[in-house]
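Next come the chains, spelled out residue by residue.
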Amino acid sequence: MEENNLNKTMMQYFEWYLPKNCDLWNKLSKEAVSIASAGITSVWLPPAYKGAGGNQDTGYGVYDMYDLGEFLQKGSIGTKYGTREEYLNAIKILRANNIEVIADIVLNHKMGADSTEKVFAYKMDSKNRNNRVGKLREIEAYTKFDFSERYNKYSSFKWDSSHFDGVDYDAKNKQTGIFLFYGKSWDKDVDLENGNYDYLMGADVDFNNVEVIEEFINWGVWYVNTTNIDGFRLDAVKHIRAEFFKEWLEKVEERVGKNLYCVGEYWSTYRDALEYFINKNDERIQVFDVPLHYNLYEASKQHEKYDLKNIFKGTLVQSMPKMAVTFVDNHDSEIGQSLESFVEDWFKPLAYALILLRNQGLPCVFYGDYYGIEKYNFKGFKLLIERMLSIRRKYVYGTQNDYFNDRGLIGWTLEGDPYGKGYGCAVVLSNKPGIHTKKMFIGERYAHEKFVDILGYMPKPIYIDANGYGQFKCDGISVSCWVREESIFD
Ligand code: CA
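The text that follows walks through the structure, step by step, so that each part is easy to find. (Residues numbered from 1 in each chain as written. Predicted model: local features only at pLDDT ≥ 70, side-chain atom pairs only at ≥ 80, totals over all residues. Heavy atoms only, no water.)

## Notes on the overall build of the protein chain
- Along the backbone of the protein chain there are 10 helices and 24 strands.
- Against the compact-globule benchmark of 23 Å for 490 residues, the protein chain has a radius of gyration of 24 Å, which places it among compact chains.
- The principal-axis extent of the C-alpha atoms belonging to the protein chain is close to 80 × 45 × 40 Å.
- For the protein chain, buried positions account for 59% of its 490 residues.
- Residue pairs at least 24 apart in sequence account for 69% of intrachain contacts in the protein chain once pairs closer than 6 positions are excluded.
- Of the roughly 19900 Å² of accessible surface on the protein chain, a fraction of 48% belongs to carbon and sulfur atoms.
- Charge centroids of the protein chain, computed over 60 positive and 71 negative side chains, lie 2 Å from each other. (Helix = DSSP H or I, 4+ residues; strand = E, 2+ residues; numbered from the N terminus. Rg over C-alpha atoms; globule rule 2.2 N^0.38 Å. Buried < 20%, exposed > 50% of the residue type's maximum accessible area, 1.4 Å probe, protein only. Contact = heavy atoms within 4.5 Å. Areas by Shrake-Rupley, 256 points an atom, 1.4 Å probe, with all protein chains shown as cover. Lys, Arg positive; Asp, Glu negative; His and termini not counted. Charge placed at Lys NZ, Arg CZ, Asp CG, Glu CD.)

## Let's talk about the sheet that holds strand β24 (residues 478-484)
- The strand order across the open sheet built from six strands is β17-β18-β19-β24-β21-β22, with neighbouring strands paired in antiparallel fashion. If you trace the sheet from one side to the other, it starts and ends with β17 (400-403) and β22 (462-463), each paired once.
- In the sheet, strand β18 (residues 409-414) pairs with strand β19 (residues 425-430) via six bridges, with the strands oriented antiparallel. Considered in β19, the bridge of Gly411 is made with Val428. (Pairing = 2+ DSSP bridges.)

## So, the coordination of the calcium ion
- The coordination sphere of the calcium ion, as far as protein atoms go, consists of Asn108 (OD1), Asp198 (O), Asp198 (OD), Asp204 (OD), Asp204 (OD) and His239 (O), spread over 2.2 to 3.2 Å.
- Seen from the calcium ion, its six donor atoms lie at angles of 44 to 169°, and the figure they make is irregular.
- Each donor residue of the calcium ion belongs to the same chain, and together they define the spacing N-x89-D-x5-D-x34-H. You can see Asn108 sitting in the loop between β5 (100-105) and β6 (109-110) and its partner His239 sitting in the loop between β12 (231-234) and α4 (244-256), a full 131 residues away along the chain. By the burial criterion, Asn108 is buried, and His239 matches it. (Donors = N, O, S within 2.8 Å, 3.2 Å for Na, K, Ca; no water. Tetrahedral: all angles 85-135°; square planar, octahedral: opposite > 155°, others 65-115°.)

## A look at the nonpolar core
- Membership of the largest hydrophobic core comes to 145 residues, with the highest contact counts inside it found for Tyr223, Phe232, Ile311 and Phe347.
- Top contributing element to this core by residue count: helix α3 (residues 210-227), with eight residues.
- In this structure, Tyr223 is in contact with Ala48, Leu68, Tyr87, Ala103, Ile105, Asn228, Ile229 and Phe232, ignoring residues within four places of it in sequence.
- If you look at the next biggest cluster of nonpolar residues, it comprises 15 residues, including Leu409, Val428, Met440 and Ile462. (Core = buried A, V, L, I, M, F, W, Y, C linked by side-chain atoms within 4.5 Å.)

## Points about unusual backbone geometry
- Even without being a glycine, Asn98 presents a positive backbone phi close to 60°.
- Relative to the helices and strands, Asn98 is located in the loop between α2 (84-96) and β5.
- Positive phi, normally seen in glycine, also occurs at Asp189, with a value near 65°.
- Residue classification places Asp189 among the partly exposed positions, given a relative accessible area of 30%.

## Thoughts on α3
- With 18 residues, α3 extends 26 Å between its outermost C-alpha atoms, agreeing within 8% with the 26 Å of an ideal straight helix rising 1.5 Å per residue.
- Taken together, the buried positions of α3 are occupied by Val212, Glu215, Phe216, Ile217, Trp219, Gly220, Val221, Trp222, Tyr223, Val224 and Thr227.
- Against α2, β5, β11 (203-205), β12 and α4 lie the buried residues of α3.
- The backbone nitrogen of Glu211 lies 2.8 Å from a side-chain oxygen of the residue at the head of α3, namely Asn209.
- Just downstream of α3 lies Asn228, where phi reads positive at about 65°. (Expected span 1.5 Å × (residues − 1). Polar contact = N/O pair within 3.5 Å; in protein donor to acceptor, adjacent residues only side chain to side chain.)

Set out below in structure tokens:
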């Protein structure tokens with residue numbers, strides 16, 4: 001099969017609790033060859049610029065977007081993941097290994113301002129951000145960003161209160177709350193949670209301000225030209241007016257002269273909200289399938305009580321497969337995070353089969369599931385994920401037939417591509433005890449062929465009947481993947 005037509009898989013190359021000396025960019029440079037040969041075709045890297053927390057910041061507390069680990073700001077030169085030089089080197093090595101690089105960028109807010117400004121503001125009701133609580137008052141807001149240690153290198157743009165809609169702290173009265181600046185309004189066309197979910201944290205950027213829009217275009221062009229990345233993972237898109245991204249992307253692409261891949265993080269279980277965002281951006285930006293993540297999480301919590309027939313119900317990969325990036329867990333769903341919803345260990349192999357061994361959606365493997373998470377002694381599933389990645393690359397092709405007809409036992413087959421070298425396979429998985437059998441059609445061209453479980457859980461082979469059906473088996477609370485035995489050596 002042509003290299004270009006091989007199934008694609010993304011990897012999220014970080015988890016929340018990496019230690020500050022994790023040396024991530026250098027680790028990535030060393031691992032690039034091995035993850036490429038495992039079948040990873042793109043990596044999503046964490047925000048690479050200086051956060052308010054210096055070298056302890058995961059990157060989401062955005063301070064200076066031009067400081068990729070180059071200036072002594074916020075107490076360190078490097079970021080949590082390394083220096084600018086190490087970052088650029090890692091990108092070069094990844095791309096040389098045919099891995100696309102997706103940069104995580106956070107445009108919604110800024111943190112760690114250099115000084116405060118006096119601003120008039122209304123305190124807003126945190127449960128309904130459209131409602132004022134109290135009168136107009138003068139507050140002291142952390143909104144001035146001078147980046148004086150950078151000495152205007154790359155850009156002389158300075159942020160001040162005119163570029164923001166609001167903050168969550170009044171330094172004058174030492175009071176927390178959500179403050180909307182006088183003369184400003186929250187962005188329309190954002191998520192409707194809390195009445196209007198424009199405000200998330202820090203100093204909230206005003207996406208109706210022309211200077212801001214211009215600055216983000218300039219920065220985007222600088223960033224792509226400096227790093228040579230292939231695309232973006234857009235953070236917190238539900239907190240920014242939906243159409244901004246399409247407009248921004250078009251301008252940046254025009255000026256850098258190449259197309260940029262984009263996936264947005266819209267954290268909502270409401271598929272309608274995801275579809276709305278996708279449509280507003282003319283299907284230019286893929287979205288993480290958050291509803292699927294929660295289905296996987298629920299299935300793992302409920303064990304045998306969960307009806308596996310519903311595992312794709314309400315998901316984006318079901319309604320808009322081309323726009324869905326499927327995932328099992330990520331840095332936000334980890335234990336101890338605000339969106340904690342970590343899929344239980346026993347279900348991880350089944351969950352990864354459900355994203356890696358099917359032909360809809362672009363699956364994303366989580367660093368924590370691959371390498372493990374030291375913080376809570378989670379060992380990860382490196383070997384299993386590697387095995388599934390190699391199955392994905394070789395066998396997940398052709399017409400897919402679903403057999404989602406038993407609450408405790410589901411399966412599907414891929415018939416393979418009869419014209420290319422993309423093979424087919426049959427997957428069976430179960431959340432109940434016992435040995436199970438599922439009769440499924442895989443294609444008449446496999447009649448009388450010997451099939452084996454390439455995951456190795458079921459030791460005995462089976463034979464496809466004259467009509468192209470097989471009695472595919474799996475163990476209780478397990479997953480098996482059946483392939484033609486002869487093909488293993490091809
Ligand atoms: Ca916002």
